[in-house]
Amino acid sequence: MTDTVYGPVTDWATDFDHGAPEYNANIYKIWEDLKAAGCPIAHTERYGGTWLPLTNEMVHEIAYDTEHFTSRSVVVGQLKPSEVPDALPAPIGGAPPITSDPPFHQEARRILLPAFAPKKIDPLRDEIRQMCHDLIDNMGDAELIDAAEQYAQHIPVMIIASMAGLPKEDGDIFRSWVHVILAGIGESREEREPVFLALNEYLEKAIEDHIENPRDDLISFLLEAEIMGNKLSREHVAGTIILLMVAGIDTTWSGIGNSIWHLATNPVDRRRLVENPEMLPMAIEEFLRAYAPVTMARLVKQDYEFHGVQMKEEDWVLLPFPAANRDEAKFENPDQVIIDREENRHAAFGLGIHRCLGSNLARLEMNVAVEVFLERFPDFELNTSEEMVWSTGQVRGPRQLPIRIKARK
Amino acid sequence: MRVHVDSSKCQGHNRCYALAPELFDVDDLGNAFELHDGNVPAGLEDKARLAVANCPEFAISIEE
């Protein structure tokens, strides 16, 4: 396993590194050990100072507290926003509205909400189903497949590209950019910089093209949209498209992959869902709870005492929604995956004003992707002769998911 | 039985609309509101309780 620029972790309570591959690979054990050792909030000097609160109560509190915590940057990096020379200032931030604070946040979010509301998203079901069937058709009659590389990763990128108004063929390059943004947080800045430049250049061209040839997609919509009588700046439009890519691709890829991984390793649940497909929506909610892909981040606005620890201005604070979802104070048998769990107030899509804008789309993609996979492959298992690889960084899911197909339709 | 969605708490997770479309609907922004002035038709009480138990924002209240 490779270390980040900070080197190997010496102690998870005082020197953790959520960008190190061993973090996501052992995440539940690491949290359990920390909590058992009486450490509900871990700290590290890495990334310029970062906190990791682990209880449901703390995660709730921070998610709702926009007075002491800012969303200006939601992915922990080696530089703080104040150290990035051309960073868009608060309250807009680099990728509005996820990086925006109130009151601007509400305006920037309101223009996007209608495009992601359930009645706009539900009609995409048939298109997603067809996409899933095509991906499985492309596998031919192979017994060994990789469900992350050949299936899960393609579904969200095609949908996001088509909604934004970008060529579907550029999916591979989007994924490579998102990978550097999310998974490469611990790599050297010299390696990362050219990627950010390429991404900006690509979006500038796409925006230019949409100004000359307006069409029915989100980029054209954003170029026409107004906030309080003013058109959005080009930086705002580009930032929002970056947000859709970063928030819409690795996250849903992870959600689909986590679900298939669970079913590949839990034959009883797999059989139940093959025999009772109407149980799937409830099972997907349980996979979202138990394997929530996304950990958000905030920055401390000013020195602040939080549950007995002294947070400093511009410290990072991770918001591990997956840890909140496994807190025994809020969930019965939180470490058990119960696919017909009736009471399930999980926070996989966050809480409060930054609730995942794309949650309706993500849920639809996950439901359809798993439904089609089970229809076509009613029996499958983990192929343990190949390596299983977890992502690194704040979005957790399988990046290699080797599967042996035992029955197909 | 009556249900009520507190619009100041609802963030549009849409759990209630997915679980009990007979009792809840959503507007163009994806925010939920109760149908039938909040009156729960007989036989749908369990669905109302299910919606309450799955709202991450604790935005739905119930009067029995």
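Calculation criteria
- Residues numbered from 1 in each chain as written.
- Chains lettered and ligands numbered in written order.
- Predicted model: local features only at pLDDT ≥ 70, side-chain atom pairs only at ≥ 80, totals over all residues.
- Heavy atoms only, no water.
- Helix = DSSP H or I, 4+ residues; strand = E, 2+ residues; numbered from the N terminus.
- Contact = heavy atoms within 4.5 Å.
- Lys, Arg positive; Asp, Glu negative; His and termini not counted.
- Charge placed at Lys NZ, Arg CZ, Asp CG, Glu CD.
- Rg over C-alpha atoms; globule rule 2.2 N^0.38 Å.
- Areas by Shrake-Rupley, 256 points an atom, 1.4 Å probe, with all protein chains shown as cover.
- Pairing = 2+ DSSP bridges.
- Axes fitted to C-alpha atoms, helices over the stretch in contact; angles between N-to-C directions.
- Buried area = accessible area lost by both parts, 1.4 Å probe.
- Salt bridge = Lys/Arg side-chain N within 4 Å of Asp/Glu carboxyl O.
- Buried < 20%, exposed > 50% of the residue type's maximum accessible area, 1.4 Å probe, protein only.
- Left-handed = near helix turned anticlockwise from the far one by under 90°.
- Nonpolar A, V, L, I, M, F, W, Y, C, P; charged D, E, K, R; others polar.
- Core = buried A, V, L, I, M, F, W, Y, C linked by side-chain atoms within 4.5 Å.
- Phe/Tyr/Trp six-rings, centres within 6.5 Å; stacked < 30°, edge-to-face > 60°.
- Lys NZ or Arg CZ within 6 Å of the ring centre and 35° of its normal.
- pLDDT = per-residue confidence, 0-100.

Digging into the overall build of chain A
Counting its regular elements, chain A contains 17 helices and 14 strands. By principal-axis analysis of the C-alpha atoms, chain A measures approximately 60 × 55 × 40 Å. In chain A, the proportion of contacts linking residues at least 24 apart, taken out of those at least 6 apart, comes to 71%. Positive and negative side-chain charges in chain A, numbering 39 and 67 respectively, have mean positions lying 4 Å apart.

Structural notes on the overall build of chain B
When you go through chain B residue by residue, the secondary structure sums to two helices and four strands. In sequence order, the secondary structure elements of chain B are arranged as β-α-β-β-α-β. Computed over C-alpha atoms, the radius of gyration of chain B comes to 10 Å, within 12% of the 11 Å expected from 2.2 N^0.38 for 64 residues, which places it in the range of a compact globule. Summarising its shape, the C-alpha atoms of chain B cover approximately 30 × 20 × 20 Å along the three principal directions. Sequence-distant contacts in chain B: of pairs separated by 6 or more residues, those separated by 24 or more amount to 56%. As displayed, chain B has an accessible area near 3,100 Å², and 50% of this comes from carbon and sulfur atoms. Of note, chain B has its 5 positive side-chain charges centred 6 Å away from the centre of its 12 negative side-chain charges.

Some thoughts on the sheet that holds strand β14 (residues 402–407) of chain A
To summarise the sheet geometry, strands pair through backbone hydrogen bonds and adopt either a parallel or an antiparallel arrangement. Residue and element names in this part refer to chain A. Reading across the sheet, the three strands line up as β4-β14-β11 and stay open at both edges, with antiparallel pairing between neighbours. Each of the sheet's edge strands pairs with one partner strand only, and the pair in question is β4 (144–146) and β11 (379–382). Averaged over all adjacent pairs, the angle separating strand axes in this sheet is 35°, with direction ignored. The sheet contact formed by β11 and β14 spans four bridges and is antiparallel. Across the sheet, Phe380 pairs through a bridge with Ile405, a residue of β14. Across the sheet, helix α13 (residues 250–265) lies against β11 and β14, angled at about 95° from β11, the strand it touches most.

Examining the interface of chain B and chain A
Counting residues at the interface gives 20 residues for chain B, matched by 23 residues for chain A. Its largest share of buried area at the contact with chain A, chain B owes to Gln11(B), His13(B) and Leu29(B), together 30% of the area lost on that side. Summed over the shared surface of chain B and chain A, the result is two salt bridges. For the salt bridge of Asp25(B) with Lys119(A), the shortest nitrogen-to-oxygen distance reads 2.7 Å.

Description of the pattern of salt bridges
Residues and elements named next belong to chain A. Counted according to the given criterion, the structure contains 26 salt bridges over all chains. A salt bridge links Asp250 to Arg399; the shortest N-O distance between them is 3.7 Å. In this pair, Asp250 sits in helix α13 while Arg399 sits in strand β13 (residues 398–400), placing the two residues 149 residues apart along the sequence. For the pair shown, Asp250 and Arg399 are each scored as buried. Asp340 is paired through a salt bridge with Arg272; the nearest N and O atoms lie 3.0 Å apart. One end of the pair, Asp340, is in the loop between α16 (321–324) and α17 (359–376); the other, Arg272, is in helix α14 (residues 267–275), with 68 residues separating them in the sequence. Residue classification places Arg272 among the partly exposed residues on the basis of a relative accessible area of 32%. Through salt bridges with shared partners, one network takes in Arg125, Arg129, Glu371 and Glu375.

Description of the sheet that holds strand β10 (residues 316–320) of chain A
Residue and element names in this part refer to chain A. Pairing is mixed in the open sheet, where five strands are placed in the order β1-β2-β10-β7-β3. On the outer flanks of this sheet lie β1 (41–44) and β3 (69–70), each paired with one strand and no other. Of the strand pairs in this sheet, strand β2 (residues 50–53) and β10 are connected by two bridges, and their pairing is parallel. Each residue of the ladder has a partner; that of Trp51, found in β10, is Val317. Contacts from helix α3 (residues 56–64) reach β1, β2, β3, β7 (295–300) and β10, with the element oriented near 120° to β10.

Topic: the packing of helix α15 (residues 280–290) of chain A against α17(A)
Residues and elements named next belong to chain A. Remark: α15 packs on α17, axes separated minimally by 10 Å, with the N-to-C direction vectors making an angle of 115°. As α15 runs across α17, the sense of the crossing is right-handed. Across the interface between the two elements, Leu280, Pro281, Ile284, Glu285 and Leu288 of α15 pack against Arg363, Met366, Asn367, Val370 and Glu371 of α17. Of the residues that constitute the contact of α15 with α17, the class distribution is six nonpolar, one polar and three charged.

A look at the nonpolar core
Residues and elements named next belong to chain A. In this structure, Tyr151, Phe380 and Ile403 are the most contacted members of the largest nonpolar core, which totals 91 residues. For this core, the element with the most residues is α17, which contributes ten residues. Excluding residues that lie within four positions of it along the chain, Tyr151 makes contacts with Cys132, Leu135, Ile136, Met139, Asp146, Ile260, Ala369, Val372 and Phe373. Membership of the second largest hydrophobic core comes to 24 residues, among which are Tyr304, Val309, Phe321 and Leu351.

With respect to the packing of aromatic side chains
All names here are of chain A. Scanning the entire structure with this criterion turns up 14 aromatic pairs over all chains. Note on Phe174 and Trp177: the rings are 6.1 Å apart at their centroids and 35° apart in plane angle, and the pair reads as tilted. A residue pair is termed a helical-turn pair when its members lie 3 or 4 positions apart in one helix, as Phe174 and Trp177 do in helix α9 (residues 171–183) at three residues. Accessibility expressed as a relative area gives 6% for Trp177, which makes it buried. Each residue in the set Tyr151, Phe373, Phe377 and Phe380 is aromatic and connected to the rest through ring pairs, giving one cluster. Its end group placed over the ring of Tyr28, Arg326 keeps NZ or CZ at 3.7 Å from the ring centre.

So, the environment of Tyr23(A)
Mapped onto the secondary structure, Tyr23(A) falls in helix α1 (residues 21–25). Each C-alpha atom, one on Tyr23(A) and one on Pro293(A), is 13 Å from the other, the two residues being 270 residues apart in sequence.

Some details on the pairing of strand β1 (residues 2–5) of chain B
In the case of a regular strand, side chains alternate between the two sheet surfaces. All names here are of chain B. Burial along β1 is one-sided: Val3 and Val5 are buried, and none of Arg2 and His4, which face the opposite way, are. Sheet analysis places β1 next to strand β4 (residues 60–63), joined by four bridges and oriented antiparallel. Bridge pairing in β4 links Arg2 to Glu63.

Notes on the confidence of the model for chain B
When pLDDT is averaged along chain B, the result is 97, and 100% of the positions lie at 70 or above. We note a pTM of 0.96 for the whole complex and an ipTM of 0.97 for its interfaces.

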